Amino acid sequence: MHELSITQSILDISLKHAEAANAARIVNIHLVIGKFSSVVDDSVQFYWDMIADGTIAKGALLHFTRVPAELTCRDCGFVFEPDDTTFECPHCLSPRVKISKGEELRVESIDVE
Ligand SMILES: [Zn+2]
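Residues numbered from 1 in each chain as written. Predicted model: local features only at pLDDT ≥ 70, side-chain atom pairs only at ≥ 80, totals over all residues. Heavy atoms only, no water.

**So, the overall build of the chain**
- Within the chain, the regular secondary structure consists of two helices and six strands.
- Along the chain, from the amino end to the carboxyl end, the secondary structure elements read α-β-α-β-β-β-β-β.
- For a compact globule of 113 residues, the expected C-alpha radius of gyration is about 13 Å, and the chain comes in at 18 Å, more than 25% above that figure.
- C-alpha extents for the chain along the principal axes are approximately 55 × 25 × 15 Å.
- Expressed as a percentage of its 113 residues, the buried residues of the chain come to 31%.
- Counting contacts in the chain only where the partners sit at least 6 residues apart, residues at least 24 apart contribute 71% of the total.
- In the form shown here, the chain has an accessible surface area of approximately 6800 Å², with 53% of it arising from carbon and sulfur atoms.
- Distance between charge centroids for the chain: 5 Å, based on 10 positive and 18 negative side chains. (Helix = DSSP H or I, 4+ residues; strand = E, 2+ residues; numbered from the N terminus. Rg over C-alpha atoms; globule rule 2.2 N^0.38 Å. Buried < 20%, exposed > 50% of the residue type's maximum accessible area, 1.4 Å probe, protein only. Contact = heavy atoms within 4.5 Å. Areas by Shrake-Rupley, 256 points an atom, 1.4 Å probe, with all protein chains shown as cover. Lys, Arg positive; Asp, Glu negative; His and termini not counted. Charge placed at Lys NZ, Arg CZ, Asp CG, Glu CD.)

**Here we look at the coordination of the zinc ion**
- Taken together, C73 (SG), C76 (SG), C89 (SG) and C92 (SG) make up the protein donors of the zinc ion, found 2.3 Å from the metal.
- What the four donor atoms of the zinc ion show is an angle range of 107 to 113° at the metal, which sorts the shape as tetrahedral.
- As a motif over one chain, the donors of the zinc ion read C-x2-C-x12-C-x2-C. Linking C76 in the loop between β3 (70-73) and β4 (79-80) with C89 in the loop between β4 and β5 (97-101), this pair joins segments that are 13 residues apart in sequence.
- The class for C89 is buried, based on a relative accessible area of 0%. (Donors = N, O, S within 2.8 Å, 3.2 Å for Na, K, Ca; no water. Tetrahedral: all angles 85-135°; square planar, octahedral: opposite > 155°, others 65-115°.)

**Concerning helix α1 (residues 2-20)**
- Its 19 residues give α1 an end-to-end C-alpha distance of 28 Å, which sits within 8% of 27 Å, the value for a rise of 1.5 Å per residue.
- Three or more residues of α1 are buried, namely E3, I6, T7, I10, L11, S14 and A18. Each buried residue of α1 lies within a common arc of 140° when the element is viewed along its axis, so the set occupies one face. The exposed residues of α1 that point more than 90 degrees off its buried face are K16, E19 and A20. (Expected span 1.5 Å × (residues − 1). Arc of directions from axis to C-beta.)

Okay, here's the thing in structure tokens:
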């Protein structure tokens, strides 16, 4: 259900841009997904094929680019890129960190014809 609503908003954004460009068809959609985003690429493509049917985005290919995450230490303010095993601040060793980047999902660009 999570992916369905996300896919719907990707479609809405893409159609709006395509309309503004007077496009007849959307060919490619480039998406940027944060490393910590729980979105699964395959299910987005699956829902896409369902909901894009009957629109000018039908058959468009989705391209996903994963971007690295970024954590900020709540104690010393140090910003770092976590590895997969530890979320500890490398500067002061505090475990109190927050995700400052990496949960996003956005439409980077679309190709139309
Ligand atoms: Zn720290």
